[in-house]
Amino acid sequence: MSALAVRVKRLALQLLGAAGTAGLVWLFGSLEARWVAVTWVCLVPWLLVLDRVDSRREAVLSGVVMGLVFTAAIFGWFPEALRSYSGAPLALCWLALLALAPFMELQFITFALTRYHLRRTTREDPRAFWRVTLTGALVYVGTEWVSPKLFAETLGHGFIASESLRQGADIAGAHGLTLVLVIVNTCVLEAGRILVAHGVREGTRRALAPVAMGAALVLACFGYGQFRYRQVAALEANRQELAVGVVQANITKYEKLAAEMGTYDVVRMILDTHYRLSAELLQNRKLDLLIWPETVYPTTFGTPKSDVGAEFDAEIREFVSRAEVPLLFGTYDLEQEREYNAAMFLGPGRNGTLERSAYRKTMLFPLTEWVPELLDSQWLRERLPWTGYWKRGPGPQTMALQLGEGRAITVAPLICYESIFPSYVAEEARRGAELIITLSNDSWFSGTPAPKLHLMHAAFRSIETRLPQVRVTNSGISALISPTGEVLAEVPDDHRASLAVTVPLTPHVSTLMVAWGDWLGPTALVLSAVLLLAPSLLARRKARQATA
């Protein structure tokens, strides 16, 4: 067989293994409980072919192929969404996604290199399996934490469909679940390899160690999850309750509507629709708080740019005064010609006046909402006309909301993209938040898996902080999420509805994620570096001592 034929055969094998893993990941990526068990074997097809590589170059190739196939399978919907948003050709959107895939999924490359190196250098070590398994998993998680991601995705997110397994996220986030997943997958592969090599009778005894390790991790995750779920659920028996109104008007693509109808008519329609849906809620129930979604009022509030803007501002204030319900809504905030994406609160103040406070979004989506000053130029904006002009807010903040009748609540405000950052939300929880409120605009991704993925991220933030959450979007999915990650009520994607939800305000529950933030990623990087470098450093030290 020629050298070219050998290379083609090896590449085909790598593609086959990557496709097998990507297919299994796609199954449990549907976030359905029936596919949760797939997570324990999803990496096995790729690991099988990865362990057959015979050079560092081939290990890198295996990681690159896995990253490309994974990205195409899991985010194959993104190029079309990007085309719809930017107007760029679909082929160019696909090219951009695949070109970035090796960098966004860098963990496959570093994991492949680590596994190849350790399996080659520790063949005679009886403890090699444990070192290879633990080091590889730490490298995988550490690299994932440090590398750029479209949606901060990690394999552990697939556990959201399991009531028990997802509870472990309050220890080390979704990355902690990924660490367990990678270790168990390597245990399954090792056990299978031993059984094939030694037969059932002899192999069963030899495979006991990896089987016991994998089973212990799975059982520990289930056991902790059940304990934590019952503990948090028991606290709800003595809960206080908050009546919150959620409005999802399903009005999208403001720029297109403004071009067709005119800016005034679009703002008029948006406000009138939200007034009507809010009035329907208030007819049937007294509310403690009313929430409208991100940028529902698509201009500056409190610092109007025109007389018409001042009239709209006054109209919103009049609505809040007349309805006698505090309102939290998405708008723009202006200060010294710096414009922010903001959540604005209007509530009862002193002497019959309205109190106003604002939260400014910090974590802006690059190139669509915000351009770093070092990159910002006329040349860039001419070529990427959709780039935004918003400025970044000051960072994690809490808002103290006065609700009337002497009641008050401290909330952790989040706007859209911010909900995918665990440390950001943990900092707000440390500042005394009792409730997470997320305002979002997912309309550009309507009809794709993105709204469901965004909701999943939101659920993990509630698990990590053990705080209930009200999520309000313009087109879906709006939801009430419990401290255990359960979606208690929702308005589906691409629906118009108003919803009254009863929010359970549970007593404070301490978690490691709140205390330490997203601690596992940097810890994994340090530990993996120690495990990789320590043996060679010790060997050199012994060699110097022997020659001394």
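Use the structure listed above.
Residues numbered from 1 in each chain as written. Predicted model: local features only at pLDDT ≥ 70, side-chain atom pairs only at ≥ 80, totals over all residues. Heavy atoms only, no water.

Participant: Provide a residue-level description of a nonpolar patch on the surface, including the pertinent values.
Facilitator: A cluster of nonpolar side chains, namely Leu11, Leu15 and Leu61, defines an oily patch on the protein surface of about 230 Å² accessible area. If you trace the backbone, Leu61 turns up in helix H3 (residues 56–74). Judged by its relative accessible area of 37%, Leu61 falls in the partly exposed class. (Patch = residues over 30% accessible without salt bridge, like charges linked within 9 Å, V, L, I, M, F, W, Y side chains within 5 Å. Areas by Shrake-Rupley, 256 points an atom, 1.4 Å probe, with all protein chains shown as cover. Salt bridge = Lys/Arg side-chain N within 4 Å of Asp/Glu carboxyl O. Helix = DSSP H or I, 4+ residues; strand = E, 2+ residues; numbered from the N terminus. Buried < 20%, exposed > 50% of the residue type's maximum accessible area, 1.4 Å probe, protein only.)

Participant: Quick one: what's the story with the sheet that holds strand S7 (residues 407–415), residue by residue and with numbers?
Facilitator: The strand order S6-S7-S8-S9-S10-S11 describes an open sheet built from 6 strands, whose pairing is mixed. Each having just a single partner strand, strand S6 (399–404) and strand S11 (487–491) make up the two edges of the open sheet. Neighbour to neighbour, the strand axes of the sheet diverge by 20° on average, direction disregarded. Across 3 bridges, strand S9 (residues 469–473) lies against strand S10 (residues 478–481) in antiparallel orientation. Within S10, the position partnered with Gln469 by the bridge is Ile481. Running at roughly 165° to S7, helix H14 (residues 422–430) makes contact with S7 and strand S8 (435–440) of the sheet. Contacts from helix H15 (residues 450–465) reach S8, S9, S10 and S11, with the element oriented near 160° to S9. (Pairing = 2+ DSSP bridges. Axes fitted to C-alpha atoms, helices over the stretch in contact; angles between N-to-C directions. Contact = heavy atoms within 4.5 Å.)

Participant: So what's going on with the environment of Ala169? Residues and values would help.
Facilitator: Counting through the fold element by element, Ala169 comes out in helix H8 (residues 169–206). In this structure, the C-alpha to C-alpha distance between Ala169 and Cys42, residues 127 residues apart in sequence, is 20 Å. Sequence-distant contacts of Ala169, defined by excluding residues within four places in its chain, comprise Ala174, Leu177, Phe460, Ile463, Glu464 and Met513.

Participant: I'd love a proper account of the sheet that holds strand S12 (residues 497–505), names of residues and values included.
Facilitator: Pairing within the open sheet is mixed, and its 6 strands lie in the order S5-S4-S3-S2-S1-S12. With partners counted over all chains shown, the strands left at the sheet margins are strand S5 (354–360) and S12, one partner each. When the angles between neighbouring strand axes are averaged without regard to direction, this sheet yields 40°. Pairing analysis gives 9 bridges linking strand S3 (residues 327–335) to strand S4 (residues 338–348), with the strands arranged antiparallel. Residue pairing for S4: Tyr332 is matched across the bridge by Asn341. Those strands touched by helix H11 (residues 263–284) are strand S1 (240–248), strand S2 (289–291) and S12, and its axis lies near 145° from that of S1.

Participant: For H8, give the residues involved together with the corresponding values.
Facilitator: For H8, spanning 38 residues, the distance from its first C-alpha to its last is only 33 Å, which falls clearly below the expected 56 Å at 1.5 Å a residue. Of all the bends in H8, the largest measures some 135° and sits at Gly199. (Expected span 1.5 Å × (residues − 1). Bend = angle between axes of the 7 residues up to and from the residue.)

Participant: Before we move on, can you summarise the packing of helix H6 (residues 106–121) against helix H7 (residues 128–146) with the specific residues and values?
Facilitator: For the pair H6 and H7, the least separation of the axes is 8 Å and the interaxial angle reads 160°. By the angle between their directions, the pair H6 and H7 is classed as roughly antiparallel. When the axes of H6 and H7 are compared, the crossing they make is right-handed. Facing H6, whose interface residues are Leu106, Gln107, Phe108, Thr110, Phe111, Thr114, Arg115, Leu118 and Arg119, H7 presents Arg131, Val132, Thr135, Gly136, Ala137, Val139, Tyr140, Thr143 and Glu144. Taken together, the residues of the contact of H6 with H7 sort by class into 8 nonpolar, 6 polar and 4 charged. (Parallel < 35°, antiparallel > 145°, perpendicular 65-115°, else oblique. Left-handed = near helix turned anticlockwise from the far one by under 90°. Nonpolar A, V, L, I, M, F, W, Y, C, P; charged D, E, K, R; others polar.)

Participant: Explain the environment of Leu217 residue by residue, including any values.
Facilitator: Note on placement: Leu217 falls in helix H9 (residues 208–235). Apart from the residues lying within four places of it in its own chain, the contact partners of Leu217 are Val180, Ile183 and Val184.

Participant: So what's going on with the nonpolar core? Which residues, and what values?
Facilitator: Ranked by size, the top nonpolar core spans 72 residues in total, and within it Trp46, Phe70, Trp77 and Leu155 carry the most contacts. Of all the elements, H8 adds the most residues to this core, at 12 residues. With residues up to four places along the chain from it excluded, the contact list for Phe70 reads Ala22, Val25, Phe75, Glu105, Phe108 and Leu155. Met363, Tyr417, Leu439 and Val503 belong to the second-largest nonpolar core, a separate cluster that totals 37 residues. (Core = buried A, V, L, I, M, F, W, Y, C linked by side-chain atoms within 4.5 Å.)

Participant: Can you explain the side chain of Thr133? Please cite residues and give values.
Facilitator: Here Thr133 lies in helix H7. A relative accessible area of 2% places Thr133 in the buried class. From its side chain, Thr133 meets the backbone oxygen of Phe129 in a polar contact 2.8 Å long. Not counting chain neighbours up to four residues away, the residues in contact with Thr133 comprise Ile183 and Thr186. (Polar contact = N/O pair within 3.5 Å; in protein donor to acceptor, adjacent residues only side chain to side chain.)

Participant: Just give me the short version of the packing of H8 against H15, but keep the residues and values in it.
Facilitator: As a packed pair, H8 and H15 sit with axes 9 Å apart at the nearest point and diverge in direction by 145°. Across the interface between the two elements, Ala169, Asp170, Gly173, Ala174 and Leu177 of H8 pack against Phe460, Ile463 and Glu464 of H15.

Participant: Tell me what's going on with the layout of surface pockets, and back it up with residues and numbers.
Facilitator: A volume near 620 Å³ is recorded for the second largest pocket. Around the second largest pocket, the lining comprises 25 residues; the ones closest to its centre are Arg119, Ala128, Phe129, Glu190 and Arg193. When contributions to the lining of the second largest pocket are tallied by element, the ones reaching two or more residues are H6, H7, H8 and H9. In terms of residue count, the dominant contributor to the lining of the second largest pocket is H8 (6 residues). Looking at the lining of the second largest pocket residue by residue, the classes come out as 12 nonpolar, 3 polar and 10 charged. (1 Å grid on protein atoms, 1.4 Å probe; cavity = no way out; pocket = protein on both sides within 12 Å on 5 of 7 lines; lining within 4 Å. Points joined across faces, edges and corners; volume = space filled by probe spheres on them.)

Participant: Explain the side chain of Ser278 to me, using residue names and the numbers behind them.
Facilitator: Its place among the elements puts Ser278 in helix H11. By relative accessible area, Ser278 is classed as buried at 0%. With residues near it in sequence (within four places) discarded, Ser278 still touches Val247, Leu290, Trp292 and Phe319.

Participant: How would you explain the pairing of S8 if you had to name every residue and give the values?
Facilitator: Of all the 6 residues making up S8, 6 are buried; the element is thus mostly covered by neighbouring parts of the structure. Of the two faces of S8, both are covered, the one formed by Leu435, Ile437 and Leu439 as well as the one formed by Ile436, Thr438 and Ser440. Sheet topology note: the S7/S8 ladder contains 5 bridges and is parallel. Considered in S8, the bridge of Ile415 is made with Leu439. As defined by bridge partners, S8 adjoins S9 across 5 bridges and the pair is classed as parallel. Residue pairing for S9: Ile437 is matched across the bridge by Val470. With respect to chirality, the unit in which S8 leads through H15 into the neighbouring parallel S9 is right-handed. (Right-handed = clockwise from strand over helix to strand, strands pointing away.)

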